[in-house]
Amino acid sequence: MNTCLSGLWDVILEKYYSVVQNECDIIKENECKIEISKIIAQFYASDKVHMPLHIEVFQHELRKEESNMQEAAKVAGTKAGLCGLCVSCKGCAGEFYKVLQGKKEERPLPLELKNYFSGKSQLYYYLSSYKSVKSYRRINNTLICLKGFSSTTPAIYSATFESACTGGGFYLNVGGYGIAIDPGIGFVDSMHKQGIFIEDINAVIVTHNHLDHNADVGTISALLHDINRYYNSQVKFYKNFFHGIKSKVHEIDWWLDESTQENNKEIIEKSNLLSQCREWTQLNEKVYISALETRHMLEGKSYGIKYKVEIDEKDLIVGYTSDTRFFPEIMEFMKECDILIFHISDIYEKDVRGTKQKNSHLGYDGSLHLLKGGDQQFRIAIASEFCCNNGDYRMKVVRKLNEYVKEKGITRVIPGEVGLKIDLQSSGIYCSHCKRVVPVNSVSVVSSEEEFGTIQYVCENCQYSWINNS
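Everything quoted here is computed from the prediction, not taken from an experiment.

### A few points about unusual backbone geometry
Reasoning step 1: Backbone geometry at asparagine 141 places phi at a positive 60°, although glycine is not the residue there.
Reasoning step 2: Along the polypeptide, asparagine 141 turns up in the loop between helix H7 (122-134) and strand S1 (142-145).
Reasoning step 3: Of note in this structure, serine 345 is not a glycine but carries a positive phi near 65°.
Reasoning step 4: Looking at the element boundaries, serine 345 is found in strand S11 (residues 339-345).

What follows is the structure, encoded as structure tokens:
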């Protein structure tokens with residue numbers, strides 16, 4: 001019975017149980033009646049606090065010499081909810097009087113637990129952090145990489161080495177409309193570390209049913225459920241007494257492959273299929289998507305995605321291959337992109353030599369075909385989804401890819417890392433240190449001294465300071 005009268009009821013129940021434990025001692029019960037009547041009088045001593053009708057009746061009955069606690073509670077219980085003074089339902093007061101009548105047992109609240117129920121909930125602190133972060137973060141009109149490695153690499157690495165190695169996905173924000181792209185292993189943890197919260201997600205896109213692309217679908221769904229339940233709890237007492245009051249509701253649109261939709265239908269009631277997006281499909285007034293079925297899955301379907309977004313009244317196209325082998329249609333599909341995200345996965349010797357392409361991923365040779373073939377001229381190409389079975393190859397492979405594609409006019413190929421942030425207005429990169437947006441060609445990509453360590457993107461000024469302080 002957690003209402004505005006909970007404090008009063010706790011004190012009354014404490015007195016009541018002291019009588020019950022003494023096996024209905026008449027003298028003690030009369031003393032208890034007097035004590036409870038005094039407690040009620042003290043509780044409503046201020047003129048600013050109006051006594052509800054049921055409490056007024058209860059106190060009146062207690063003062064009768066011939067009445068006992070049970071009879072007083074029975075009479076007061078008939079008046080519960082009739083005064084209309086508070087927004088608590090009459091059920092709470094009714095339950096309280098049932099306890100005093102002996103019709104229902106309620107254990108007194110242990111002193112050790114009283115502070116727990118008066119404390120703030122986890123979601124209160126979650127939303128407080130969200131409000132605080134919003135005041136200084138910069139995620140509007142950005143593309144943020146939340147993906148480090150692919151498949152089981154993070155799990156295997158964490159069992160073998162001491163430092164962290166993350167999976168994840170991507171986050172695209174256009175004018176405040178946020179899209180979670182392939183939220184795989186560790187996506188939610190990484191997004192929180194980048195100052196992105198559940199209310200910053202308006203759509204979730206999953207390209208295929210593999211853990212490194214959809215492991216955190218359930219986590220996002222659970223967070224959404226919890227946050228909406230919390231919002232509803234803030235107004236649930238008022239809804240029955242004031243017309244038009246509605247709780248805040250955050251909604252997420254889900255765009256999924258067929259297998260992910262089927263596997264999550266119990267937690268995601270309504271979702272859309274990417275197979276419906278053969279042509280440009282509108283997500284909101286500034287974001288459209290188009291999907292192409294790719295060559296990755298032996299069973300089930302996978303999709304590459306293009307995002308057409310409006311930035312400063314101009315269209316910008318972001319391409320995302322997801323996981324696929326190279327095939328000519330993927331190159332044609334991505335040729336108009338300004339920014340390309342392509343997934344390499346692991347590399348093999350024949351793949352690097354160009355004698356045999358990989359069957360289900362771009363690898364080295366497929367990446368070269370995608371970057372060099374056709375007439376595309378990407379401003380930035382982000383290499384991602386590294387599966388480094390034999391060591392950390394990221395910087396070496398990206399360096400060679402840059403050498404091969406110079407003549408194509410591609411501004412630059414850069415390795416994706418958790419925290420890489422692209423400014424969509426300028427196609428510049430946020431410096432990992434000073435957080436300024438700098439042209440992509442002015443950024444130094446700096447690897448960690450240890451394998452699988454964090455890659456950083458450093459502007460000229462910060463690099464100079466870094467060298468001098470080393």
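Here the narrative resumes, following the displayed structure.
### What about the nonpolar core?
Reasoning step 1: Judged by nonpolar contacts, the single largest core of 45 residues is most densely connected at Leu143, Ile179 and Tyr307.
Reasoning step 2: Counting residues in hydrophobic clusters, the runner-up holds 31 residues, among them Leu371, Ala381, Leu401 and Ile410.

### Observations regarding the pairing of strand S7 (residues 281-284)
On a regular strand, each side chain points to the face opposite its neighbour's, so the side chains alternate between the two faces of the sheet.
Reasoning step 1: Alignment of S7 against strand S8 (residues 287-293), held across three bridges, turns out to be antiparallel. Across the sheet, the residue bridging to glutamine 282 is tyrosine 288, located in S8.
Reasoning step 2: Joining the antiparallel neighbours S7 and S8 is a turn of two residues.

### What to know about the sheet that holds strand S13 (residues 412-415)
Reasoning step 1: Strand order in this open sheet of seven strands is S7-S8-S9-S10-S11-S12-S13, and the pairing throughout is mixed. Looking along the sheet, the strands with just one partner apiece sit at the ends: S7 and S13. Taken pair by pair, the neighbouring strands of this sheet meet at an average axis angle of 25°, ignoring direction.
Reasoning step 2: The sheet strands contacting helix H16 (residues 363-372) are S11, strand S12 (380-386) and S13, and the helix crosses S11 at an angle near 160°.
Reasoning step 3: Contacting S11, S12 and S13, helix H17 (residues 394-405) runs over the sheet at an angle of about 170° to S13.

### Some words on the sheet that holds strand S4 (residues 203-205)
Reasoning step 1: Taken in spatial order, the nine strands line up as S6-S5-S4-S3-S2-S1-S14-S15-S16 in an open sheet, and their pairing is mixed. The open sheet has two free edges, formed respectively by strand S6 (272-273) and strand S16 (437-438), since each of these has just one partner strand.
Reasoning step 2: As paired elements, strand S2 (residues 170-174) and strand S3 (residues 177-181) share five bridges and run antiparallel to each other. Residue pairing in the sheet places asparagine 173 in a bridge with glycine 178 of S3.

### As for the packing of H7 against helix H11 (residues 217-233)
Reasoning step 1: Their axes nearest at 10 Å, the elements H7 and H11 cross at an angle of 100°. In terms of axis orientation, H7 runs roughly perpendicular to H11. Only Leu223, Asp226, Ile227, Tyr230 and Tyr231 of H11 make contact with H7, whose side of the interface consists of Leu123, Tyr124, Tyr126 and Leu127.
Reasoning step 2: Across the contact of H7 with H11, the residue classes tally to eight nonpolar, no polar and one charged.

### Thoughts on the pattern of salt bridges
Reasoning step 1: What the rule picks out here adds up to 16 salt bridges.
Reasoning step 2: Salt-bridge contacts for glutamate 61 lead to lysine 64; the nearest nitrogen and oxygen are separated by 3.2 Å.
Reasoning step 3: A salt bridge links lysine 193 to aspartate 189, with the nearest nitrogen and oxygen atoms 3.3 Å apart. One end of the pair is lysine 193 and the other is aspartate 189, both in helix H9 (residues 187-193) and four residues apart, which spans about a single turn.
Reasoning step 4: Relative accessible area serves as the criterion here: at 64%, lysine 193 is assigned to the exposed category.
Reasoning step 5: Within this structure, Asp392, Arg394 and Glu417 form a network of salt bridges that share partners.

### A closer look at a nonpolar patch on the surface
Reasoning step 1: Together, Leu109, Leu113, Tyr116 and Phe117 make up an exposed nonpolar region whose accessible area comes to about 430 Å².
Reasoning step 2: Within the secondary structure, leucine 113 sits in helix H6 (residues 111-118).

### Considering the environment of isoleucine 267
Reasoning step 1: Among the structural elements, isoleucine 267 can be located in the loop between helix H13 (258-263) and S6.
Reasoning step 2: Assessed through its relative accessible area of 45%, isoleucine 267 is described here as partly exposed.
Reasoning step 3: A C-alpha to C-alpha distance of 7.0 Å links isoleucine 267 and serine 221, two positions 46 residues apart in sequence.
Reasoning step 4: Those residues in contact with isoleucine 267 that lie beyond four places of it in its chain are Gly218 and Ser221.

### Side note on the packing of helix H3 (residues 53-62) against helix H4 (residues 69-77)
Reasoning step 1: Between H3 and H4, whose axes approach to 8 Å, the crossing angle comes to 150°. In terms of axis orientation, H3 runs roughly antiparallel to H4. The handedness of the crossing between H3 and H4 is right-handed. Residue-level inspection shows His54, Val57, Phe58, Glu61 and Leu62 of H3 in contact with H4, the latter providing Met69, Ala72, Ala73, Val75 and Ala76.
Reasoning step 2: In the contact of H3 with H4, the residues fall into eight nonpolar, one polar and one charged.

### Considering the packing of aromatic side chains
Reasoning step 1: A complete count under the given rule lists eight aromatic pairs for this structure.
Reasoning step 2: Where phenylalanine 43 meets tyrosine 44, the ring centres are 5.0 Å apart and the plane angle is 70°; that geometry is what we call edge-to-face.
Reasoning step 3: Aromatic side chains tyrosine 126 and phenylalanine 197 sit 5.1 Å apart centroid to centroid with 70° between the ring planes, which places their arrangement in the edge-to-face category. Within this pair, whereas tyrosine 126 is found in helix H7, its partner phenylalanine 197 is found in the loop between H9 and S4, the two being separated by 71 residues in sequence. Pair check on accessibility: tyrosine 126 and phenylalanine 197 agree, each one buried.
Reasoning step 4: Three or more aromatic residues joined by ring pairs make a cluster, and in this case those are Tyr126, Tyr130 and Phe197.
Reasoning step 5: Directly above the aromatic system of tyrosine 430 lies the positively charged group of lysine 421, at a separation of 4.7 Å from the ring centroid.

So, how was this worked out
Residues numbered from 1 in each chain as written. Predicted model: local features only at pLDDT ≥ 70, side-chain atom pairs only at ≥ 80, totals over all residues. Heavy atoms only, no water. Helix = DSSP H or I, 4+ residues; strand = E, 2+ residues; numbered from the N terminus. Core = buried A, V, L, I, M, F, W, Y, C linked by side-chain atoms within 4.5 Å. Buried < 20%, exposed > 50% of the residue type's maximum accessible area, 1.4 Å probe, protein only. Pairing = 2+ DSSP bridges. Axes fitted to C-alpha atoms, helices over the stretch in contact; angles between N-to-C directions. Contact = heavy atoms within 4.5 Å. Parallel < 35°, antiparallel > 145°, perpendicular 65-115°, else oblique. Nonpolar A, V, L, I, M, F, W, Y, C, P; charged D, E, K, R; others polar. Salt bridge = Lys/Arg side-chain N within 4 Å of Asp/Glu carboxyl O. Patch = residues over 30% accessible without salt bridge, like charges linked within 9 Å, V, L, I, M, F, W, Y side chains within 5 Å. Areas by Shrake-Rupley, 256 points an atom, 1.4 Å probe, with all protein chains shown as cover. Left-handed = near helix turned anticlockwise from the far one by under 90°. Phe/Tyr/Trp six-rings, centres within 6.5 Å; stacked < 30°, edge-to-face > 60°. Lys NZ or Arg CZ within 6 Å of the ring centre and 35° of its normal.

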